[in-house]
Amino acid sequence: MHTLKKTRLAIFVGLLPSLIIYVGVAILPIILSLYYSLFNWDGISAKVFIGLDNFGDIFQDDIFWLSVKNNVIIMLTGLIGQLPLGLLLALLLNRSLKGNGFFRTVGFIPVVISSVMVSLIWGMIYNTEYGFLNSVLGVIGLEGWQRNWLGDPDWSMLSISLAYIWQNCGLYMIIFLAALQNISSEVNEAAELDGATGLRKVILITIPMIRATILVTVIYSISNSFRVFDLIQILTGGGPAHQTEVMTIYMYNNAFLSRQFGYGSAVSILILLFSLIVVVIANRVGREKD
Amino acid sequence: MTKKSPLYYIFAYLFLGVFALFNIIPIFYMIVGSFKTEQEYAASPFALPEVLQFSNYSKAWEVANMDVYFFNSLLITFISLIVTVMLGALAAFFLSRFEFKLRGALYGLFLLGMLIPIHATLIPIFMIMKNLSLLDTYLSLILPYTAFHLSLTIFILEGFMRSFPRDLEESGVMDGAGIYRIFWSIILPITRPAIATVVILNFIYNWNEYLFALVLISSESLKTLPLGIANFVGIETASLTLQMAALTIALVPIIIFYLLLQKQLVNGMVAGAVKG
Amino acid sequence: MKRSNWMRISLSLVLAAVMVVVAACGNSKENGNEGSSNNGKSASGETITLTMMHPWTSPNVDNEVYKARIAAFEEQFPNIKIEQDGVAAAQYKTKLFTLATANNLADINVAWPGADLDPLVKGDLLMPLNDHMDSWNDLVREDALAGYNVDGNQLAIPTKRNFVDIIYYNKEYLAQVGYNEFPATYEEFIEMIKKLKEAGITPISLGNKEKWPLQSSYMSIIGQRFAGEDFLHKVMAGEAQLTDPEYVSAIAVIDELTKLEAFNIDANNMDSVQAQDYLIQGKAAMHISSATVDGRIRTTNEEGDKFGIALFPSVPGGLGDQKMAAGVPQFGIAIKNGLDEKKKAAAVEFMKFFVNEELYTDLAKAGILVPANVEMGDDISPYLKEMYELTSNGTAPVFDAVINTQAAKEFENGLQALTVGRGTPEEVAKDTQELIGQ
């Protein structure tokens, strides 16, 4: 029914403006980056063509692989921390709970608050000598658990992950909330007539109903994890000794601080490539059951 | 709806209470800090201020040049937001409800935008804007904001629109309505919760965006709020209390906007069902 | 709702466009008239607009002085308009670099010497001021001008002198462990740190999250003490190596301080400002930072009396002058290369007005160290006087003002690794040396 010529024209007209802006301003820069990645270039002097040498150098740099590993940690905590927490919040706040408007707003605060405040607050929570977390552990008699949370290489990524979950779970909460609105009350009532309540209903009825949205959030969460920058930059700056560097910070340090713009561009191409691979796999796995 | 056991409510409120506490403390800390003198804050960051320094707010307003920047931020945020959501919704509609050649390729292309590391595009975008002679104009920000957030907008909206039953448009087609009419009066209303979601996301991203604004705008008369908020930090000095005052001011529009849209977020289906 | 918004916005956009076109036409007409009667001088009422990018946005006293000076210029030269682009200091260099890549600098810029000046030199982006030096040769100290002189071309005139290695200390804590004076030798200094540790006081607060403090505030002066003030220049010239034993001993100081647990535990997750606050709050006995932060620690602090200032102590067998401080001439004012004649004349006019004795005097009055020999007056604060005397015994170069960026960044990472017990001073020296001159 949708194959008329007129329809085709309508599709073309509808998609064209988005495409022009998007390709011109978002895709073109990446093509330029791909081009720069083939050069030894400080951004100002003449470019020297070096083929794929930048990529070779990157693959031989242990710090790069460390940053890849850290990205994987962030991605996994995003998937197993943010999404379930966001879904749990959405499920709780979707029903008529007293004060749910308040909680919905409050849940969203971490998403909108400035990174300056995020840095100050989490710095205070994790501070070794005067921090909130170590104080609480001291009060409840767990002195042995006290740590230099952000400075100890064994714990720093975990500490960052916790802040990352906190910062973004509100985002997924509202996406899930919106999705839950689309489950009609008839479906809910039918489920309850069948005797499905509580957790059983959630697992058997609700989650399958919002599967498409869950896939959306999974992919969104993966893409966010590969682009994480501000949070780590303000909490540890990638330190100590590169231990908490992720690929974007590695790229920024090389391109803007050490002024190896060609090398930095090559890193950014790899970020794009790696995240693309993961997203394609996730998409395949997620769509398979359709 | 079946009644839940009291245990459920105890658990739910306990969980939500702890969660809320964690989220409110930063705001509370920021607001308290914004009323202190710099010396009070440096000496004891947790203590309450002796005298409320309301003057911090007027000083912050002045240093961050909010007379000008506030309006610019509103303008750029809203124009980008409207353009992005309108174009994105339309694109998502076609991508989700129609089969045509290149549909998969186009969808993949738009999705790619969610994976682009923003910092990598800084210098290329600067060059592009320079070549288009758009440097130092509102458009130099509106275009990147639109381009980069189209991806997420399309992605979320496509996911929603795809989940609607296939026969939804048929009543429209039978009435002889055109495609754009179907989009406007059938699909768009029931997508409202999702639209509210992407509107909020777009608003936040545009409102807080810093990096592009930093390099693409040079005229004081065109700068945006995040640039003003950065004005408080030197290299080894900072006026944190003034900055907190500025941050508090900057947070107000987001909160208002969120509260307004929250209704759409939750009541969307009801409204949609009536219209549909 | 949406539709009417749309209408309003598109309407205002159209209106705006019309206004721009009208304004542009008006301008070109004016220019046309001007063109015929123009004989080189800009006295005919034509306004020249110069753009200027500067990092003077935060509400500091020195920034106020600079901005007042720009305002004074505009008042005196009504036909030259300065369009300012104030960029927050932390991101100033990122913007400068991005603009430089596209050869799109402002007409007048504020530049740092050494490695930060490099890209601007490489791109030939700054105008040599050699022909106009009469205005500044006698006024500005020669060693300060040298920082902005590359291959015989004077590319900028510095307006501020900053020392990066001032030790601020809490007099009460030092007295508590038996020191009424700051120790004069390295051995005593280490001895004092041990005593502070025993007394349960954190000896030094360090905020090294951004990684520059150890490189700039610490290693500039420690390296000078051990290896001499010309060592870094020799390294760049290939006459010395960072792996030379005297410099490795300098790096080993950081290792020794780490092993003594002289720093606060969170040194790598705190920024410089938070570390200052640690000192102010009495959570540490010492803090090493630039002369600029004296304002925060002492001048505007009601309890400023509690704190004293000192320089790094002398080291045994050190090759450098043991009294020097490490400093850098900052905020060099530079003109973009390739301006047309009219703009160039206006820019030089601005430079001559902006960077003159009055600016230096105003800055000195506001408590800022300047790279010129100006009268300080009697009413300056005792803190500034003390700072002035402390830093008057010669200036050693700052590490990253001499060493190229890539090597300096590697050095910063290596130093940070030492503070978490990774690597050795030899390795840090070797890894950095490999990147020298790249």
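Residues numbered from 1 in each chain as written. Chains lettered and ligands numbered in written order. Predicted model: local features only at pLDDT ≥ 70, side-chain atom pairs only at ≥ 80, totals over all residues.

Structural notes on the overall build of chain C
Thought 1: The helix and strand tally for chain C stands at 18 helices and 13 strands.
Thought 2: A total of 438 residues make up chain C; the buried ones form 48% of that total.
Thought 3: Taking all contacts inside chain C whose residues are at least 6 apart in sequence as the whole, residues at least 24 apart take part in 78%. (Helix = DSSP H or I, 4+ residues; strand = E, 2+ residues; numbered from the N terminus. Buried ≥ 20, exposed ≤ 12 C-beta atoms within 10 Å, placed from the backbone. Contact = placed C-beta atoms within 7 Å.)

Examining the sheet that holds strand 11 (residues 325–330) of chain C
Residues and elements named next belong to chain C.
Thought 1: Strand order in the open sheet formed by three strands is 6-11-13, with mixed pairing between adjacent strands. In the strand order of this sheet, the two ends are held by strand 6 (160–163) and strand 13 (395–396), each with one partner.
Thought 2: Direction of pairing for strand 6 relative to strand 11: antiparallel, over a ladder of four bridges. The residue bridging Phe-163 from the neighbouring strand is Gly-327, located in strand 11.
Thought 3: Packing against the sheet, helix 8 (residues 212–227) makes contact with strand 11 and strand 13, and its axis sits at approximately 130 degrees to strand 11. (Pairing = 2+ DSSP bridges. Axes fitted to C-alpha atoms, helices over the stretch in contact; angles between N-to-C directions.)

Some words on the domain arrangement of chain C
Residues and elements named next belong to chain C.
Thought 1: Its domain assignment divides chain C into domain 1 (48–159 + 331–355) and domain 2 (163–327 + 392–433).
Thought 2: When each unit is reduced to the centre of its C-alpha atoms, the spacing between domain 1 and domain 2 is 31 Å.
Thought 3: The interface of domain 1 with domain 2 comprises six residues on the first partner and eight residues on the second.
Thought 4: The class makeup of the residues in the side of domain 1 that touches domain 2 is two nonpolar, two polar and two charged. (Domains from an automatic or database assignment. Nonpolar A, V, L, I, M, F, W, Y, C, P; charged D, E, K, R; others polar.)

Here we look at the interface of chain B and chain A
Thought 1: With 67 residues of chain B at the contact, the number on the chain A side is 65 residues.
Thought 2: Listing elements by their share of the side of chain B that touches chain A, those giving two or more residues are helix 1 (6–34), helix 4 (66–97), helix 5 (103–112), helix 6 (122–131), helix 7 (138–162), helix 9 (179–190), helix 10 (192–208) and helix 13 (240–275) of chain B.
Thought 3: With 12 residues, the single largest contributor to the side of chain B that touches chain A is helix 1 of chain B.
Thought 4: Taken together, the residues that form the side of chain B that touches chain A break down as 52 nonpolar, 13 polar and two charged.

Quick notes on helix 3 (residues 55–63) of chain B
Residues and elements named next belong to chain B.
Thought 1: Taken together, the buried positions of helix 3 are Asn-56, Ala-60 and Val-63. One side of helix 3 carries all its buried residues, which in axial view fall inside an arc of 65 degrees. Seen from the open side of helix 3, the exposed residues pointing more than 90 degrees away from its buried face are Ser-55 and Ser-58.
Thought 2: In the segment just after helix 3, Asn-65 is the residue with positive phi, at about 50 degrees. (Arc of directions from axis to C-beta.)

Brief notes about the interface of chain C and chain A
Thought 1: Taken residue by residue, the interface counts 23 residues in chain C and 24 residues in chain A.
Thought 2: At the level of elements, helix 3 (89–101), helix 4 (118–122) and helix 17 (405–419) of chain C are the ones that each hand at least two residues to the side of chain C that touches chain A.
Thought 3: In terms of residue class, the side of chain C that touches chain A is made up of six nonpolar, 10 polar and seven charged.

Thoughts on the environment of B:Gly108
Thought 1: Turning to its location among the elements, B:Gly108 is positioned in helix 5.
Thought 2: The sequence separation of B:Gly108 and B:Ser44 amounts to 64 residues, and the corresponding C-alpha distance is 53 Å.

Some words on the sheet that holds strand 1 (residues 48–54) of chain C
The pairing of strands in a sheet happens through backbone hydrogen bonds and is either parallel or antiparallel.
Residue and element names in this part refer to chain C.
Thought 1: In spatial order, the strands read 2-1-3-12; together these four strands make up an open sheet with mixed pairing. Of all strands in the sheet, those bounded by a partner on one side alone are strand 2 (80–86) and strand 12 (332–335). Adjacent strand axes in the sheet meet at a mean angle of 25 degrees when their direction is disregarded.
Thought 2: Bridge count between strand 1 and strand 3 (residues 108–111): two bridges; the pairing is parallel. The partner of Met-53 across the bridge, within strand 3, is Asn-109.
Thought 3: In this fold helix 2 (residues 61–76) packs onto strand 1 and strand 2, with an angle of close to 160 degrees to the strand it touches most, strand 2.

Regarding the packing of helix 7 of chain B against helix 10 of chain B
Residue and element names in this part refer to chain B.
Thought 1: At their nearest, the axes of helix 7 and helix 10 sit 10 Å apart, and the two run at 160 degrees to each other. By the criterion of interaxial angle, the relationship of helix 7 to helix 10 is roughly antiparallel. Helix-helix and strand crossings are classified by hand; for helix 7 and helix 10 the assignment is right-handed. The segment helix 7 lies against helix 10, with Tyr-145, His-149, Leu-152, Thr-153, Ile-156, Leu-157 and Phe-160 engaging Ala-194, Thr-197, Val-198, Leu-201, Asn-202, Tyr-205 and Asn-206.
Thought 2: Across the contact of helix 7 with helix 10, the residue classes break down as nine nonpolar, five polar and no charged. (Parallel < 35°, antiparallel > 145°, perpendicular 65-115°, else oblique. Left-handed = near helix turned anticlockwise from the far one by under 90°.)

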